[in-house]
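If you want the building blocks of each chain, they are given just below.
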Amino acid sequence: MSLYDDAVLVLKGYEDQEQLRQTYLDHLAAHPNGMWKACHAGHVTASALVIDPARERVLLTLHRKLRMWLQMGGHCEPVDTTVAQAALREATEESGMTELTLLPGGPVRLDRHPVPAPCHWHFDVQYAALAPPGADHAISDESLDVRWFPYREVADVADESVVRLLEAARARL
């Protein structure tokens, strides 16, 4: 199964955000290359909100280009065989943590947001991942900082998309 086929299957199985889910499916139907950064009409991205083992904090990255506190995530790569694998790979690369575990049940949210040219949209498929006990994080080349934030502080540092992702992840927990 291709990454494209996996994305369609994941989205068809996702039961929330029906209108947005259909927008994703319509985009992929119209753009067979819609999984890749080269699709300038927009492309699927994958991300994961990393949650500490005690389930009291989340690890956010201060994105180097956007200068915003965000969950870990990014573009799908040819090595990715599933959208979940892409989210896990991105979270591992950007957090420096190995042995992250995605919460069961598939994506916790979808978030479509505009991005600067030449692309127009990111169709982000958002997961949540638990960090292993005692794991240390590291700052990747894509980040200015990586830091744990208690749930109550997320709204003070991150935008509404991250707050909504946190709410959906906590509901899944």
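Everything below is about the structure printed above this text.
Residues numbered from 1 in each chain as written. Predicted model: local features only at pLDDT ≥ 70, side-chain atom pairs only at ≥ 80, totals over all residues. Heavy atoms only, no water.

Chemist: Break down the nonpolar core for me, citing the residues and quoting the values.
Modeler: One finds M35, V50 and V83 to be the most contacted residues of the largest nonpolar core, which totals 31 residues. Leaving out residues up to four positions away in the same chain, M35 has contacts with L3, Y4, A7, L28, H43, V44, C76 and V83. Judged by nonpolar contacts, the second largest core, of 21 residues, contains L62, F149, V163 and A168. (Core = buried A, V, L, I, M, F, W, Y, C linked by side-chain atoms within 4.5 Å. Buried < 20%, exposed > 50% of the residue type's maximum accessible area, 1.4 Å probe, protein only. Contact = heavy atoms within 4.5 Å.)

Chemist: Can you explain the side chain of S47? Please cite residues and give values.
Modeler: Relative to the helices and strands, S47 is located in strand 1 (residues 43-51). The buried category is assigned to S47, whose relative accessible area is 2%. A distance of 3.1 Å separates a polar atom in the side chain of S47 from a polar atom in the side chain of Q71. Side-chain polar atoms of S47 contact the side chain of D124, separated by 2.7 Å. Aside from chain neighbours lying at most four places away, what touches S47 is Q71, M72, G73, A87, D124, V125, Q126 and Y127. (Helix = DSSP H or I, 4+ residues; strand = E, 2+ residues; numbered from the N terminus. Polar contact = N/O pair within 3.5 Å; in protein donor to acceptor, adjacent residues only side chain to side chain.)

Chemist: Would you mind going over the packing of aromatic side chains in detail, with residue names and values included?
Modeler: Scanning the model with the defined rule gives 2 aromatic pairs in all. Measuring from ring centre to ring centre gives 5.1 Å for Y24 and F123, while their planes differ by 90 degrees; the resulting arrangement is edge-to-face. Linking Y24 in helix 2 (residues 18-30) with F123 in strand 7 (residues 121-130), this pair joins segments that are 99 residues apart in sequence. Take F123: its relative accessible area is 3%, and that puts it in the buried class. Ring geometry for W69 against F149: centres 4.9 Å apart, planes inclined by 75 degrees, an arrangement best described as edge-to-face. (Phe/Tyr/Trp six-rings, centres within 6.5 Å; stacked < 30°, edge-to-face > 60°.)

Chemist: Which residues make up the pattern of salt bridges, and what are the values?
Modeler: Inspection of the entire model under this criterion finds 6 salt bridges. For R89, the salt bridge identified is with E90, shortest N-O distance 3.1 Å. The buried category is assigned to E90, whose relative accessible area is 4%. A salt bridge links R89 to E93; the nearest nitrogen and oxygen atoms lie 3.3 Å apart. One end of the pair, R89, and the other, E93, are both in helix 3 (residues 83-95), 4 residues apart, so they sit about a helical turn from each other. Each of the salt bridges in this network shares a partner with another, and the network as a whole consists of D80, R89, E90 and E93. (Salt bridge = Lys/Arg side-chain N within 4 Å of Asp/Glu carboxyl O.)

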